[in-house]
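# Chain and residue survey
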Amino acid sequence: MALKASTIWVSADRCRTQFGLTSLGSHRSGSPFNLRFDLEINRKWECCASLTHTAIEDDQEKLRPGVISIHGNVDHQITETRGLLKDLSSLPRPLSANDFSPSVGDVSKVRVAYQGVPGAYSEAAAIKAYPECETVPCDQFEAAFQAVELWLVDKAVLPIENSVGGSIHRNYDLLLRHRLHIVGEVQLVVNHCLLALPGVKKEELKRVLSHPQALAQCEMTLHKLGIVRVNHDDTADAARTVATEGVRDVGAVASARAADIYGLDIVIEGIQDESDNITRFLILAREPIIPGPDKGYKTSIVFTLDEGPGVLFKALAVFALRGINLTKIESRPQTKNWVGVIDDTDRGNTRYFDYLFYIDFEASMAEPRAQNALGHLQEFARFIRVLGSYPMDTTIP
């Protein structure tokens, strides 16, 4: 067995195990908060080398990068509709966390994992981030994380929040479970299209398939058309299903690129209820980038707090006192960390959640004010982890 080395930005004064996983964390200490940022300058946070929890068999280390075969059977029918012949078997099959068997890829290109199948919005985000990359589809978010950890791909591009649908909570949880680092972000305008088999008109459609969030984002348009909405795992896979099954009264809500890939017609373009429909994606890698002191950087952290009145207020104040703008606050309950109190009736314990707080703020970890803010935060926090300090994406489309 062999272990792959990884690095993580942490407070270097203490390591601890909690949340059901081994993690580098921090706690208050009587000693001065004096840590090393890099070899050249004295900083309060350092990039520490650690071993990932994922054991890799010796034979797996010899694997060449490639698209991974999925778990289970996949139907690769060739759909023929009104003279259209679309060979879908040439498309890459999604990588599964249950089956990591490789095939040869182009090792000269950056390999980027994403969740979904070809034509997914996540694939478009990956291409925006790395225009010359080789994209690698994954059937689940977990598989994309593992693909990076196992050195099968170089990066992963995964959604973290949408301007209409809100946060993708699963990926927040996976950020803490895995040892990957945020090295960038991508913002992508989501333009939903109503797709159907060639020659089908909107009046013929009775049902439409898509991801539940995509259907919710197009609710008013679909209601006016009187089309029954059917939940599907993925927008692009919904388009593929329409193409392979060949049922004329079934359509899909997906991207224009998915229509081109699967040989479908765009019946209506831009059917989302909100025109400003933007999804933010994170770029994840095995190693962090060393941020510079320039403006335009963002830092993401996660922490838990000691119990007490006004503790969250004090935690947030450490940023306000230093003029640091917070761009995102997300709380996630820790189901394994209950806090017990006695209720007013004295009938027994009332249990409530302890919380993890995810925060994004506009500052680089190379800036003293960011280091000082985290040093101050350590007075109230039981655990702090820097998920990444990276350039902000100021471009939209």
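## Examining the packing of aromatic side chains
How two aromatic rings sit relative to each other is given by the distance of their centres and the angle of their planes. On inspection of all chains with the given rule, the structure shows three aromatic pairs. With a centroid separation of 5.1 Å and 40° between ring planes, the pair formed by Phe319 and Phe361 is classed as tilted. Linking Phe319 in helix α8 (residues 311–320) with Phe361 in strand β20 (residues 349–361), this pair joins segments that are 42 residues apart in sequence. Owing to a relative accessible area of 0%, Phe361 belongs among the buried residues under this scheme. Over the aromatic face of Trp151 sits the side chain of Arg286, whose NZ or CZ is 3.9 Å from the ring centroid.

## Quick look at the side chain of Thr135
Within the secondary structure, Thr135 sits in strand β8 (residues 134–138). Classification of Thr135 as buried rests on a relative accessible area of 16%. At 3.1 Å, the side chain of Thr135 and the side chain of Glu123 are in polar contact. Excluding residues that lie within four positions of it along the chain, Thr135 makes contacts with Val112, Tyr114, Glu123, Ala126 and Ile127.

## Section: the environment of Thr221
Relative to the assigned elements, Thr221 resides in helix α5 (residues 219–225). Once you skip the residues sitting within four places of it in the chain, Thr221 turns out to touch Ile271 and Asp273.

## Quick notes on the nonpolar core
Core analysis: the largest hydrophobic core is formed by 32 residues, its most contacted members being Leu195, Leu222, Ala239, Val253, Tyr262 and Leu264. Of all the secondary-structure elements, those providing two or more residues to this core are β12 (193–196), β13 (207–210), α4 (212–217), α6 (235–245), β15 (250–254) and α7 (256–262). In terms of residue count, the dominant contributor to this core is α6 (five residues). With 28 residues, the next largest nonpolar core counts Ile160, Leu284, Tyr358 and Phe383 among its residues.

## A short note on the state of the cysteines
Applying the stated criterion to the full structure yields zero disulfides. Cysteine Cys218 shares no disulfide, and the gap to the nearest cysteine sulfur, in Cys193, comes to 9.1 Å. Note on Cys218: relative accessible area 0%, which makes it buried.

## Regarding the pattern of salt bridges
Considering all chains together, one arrives at 15 salt bridges under this definition. Here the salt bridges share partners, and the residues they tie into one network are Glu161, Glu185, Arg280, Lys298, Lys328, Glu330 and Asp360.

## A short note on the confidence of the model for the chain
Taken over all residues, the pLDDT of the chain has a mean of 77, while the share at 70 or more is 68%. Across residues 1–86, where pLDDT falls below 50, the model places 234 contacts with residues more than four positions away in sequence or in other chains. Note that residues 338–346 has pLDDT below 50 and, in this model, 17 contacts with residues that lie over four places away or in other chains.

Conventions and cut-offs
- Residues numbered from 1 in each chain as written.
- Predicted model: local features only at pLDDT ≥ 70, side-chain atom pairs only at ≥ 80, totals over all residues.
- Heavy atoms only, no water.
- Phe/Tyr/Trp six-rings, centres within 6.5 Å; stacked < 30°, edge-to-face > 60°.
- Helix = DSSP H or I, 4+ residues; strand = E, 2+ residues; numbered from the N terminus.
- Buried < 20%, exposed > 50% of the residue type's maximum accessible area, 1.4 Å probe, protein only.
- Lys NZ or Arg CZ within 6 Å of the ring centre and 35° of its normal.
- Polar contact = N/O pair within 3.5 Å; in protein donor to acceptor, adjacent residues only side chain to side chain.
- Contact = heavy atoms within 4.5 Å.
- Core = buried A, V, L, I, M, F, W, Y, C linked by side-chain atoms within 4.5 Å.
- Disulfide = S-S within 2.5 Å.
- Salt bridge = Lys/Arg side-chain N within 4 Å of Asp/Glu carboxyl O.
- pLDDT = per-residue confidence, 0-100.

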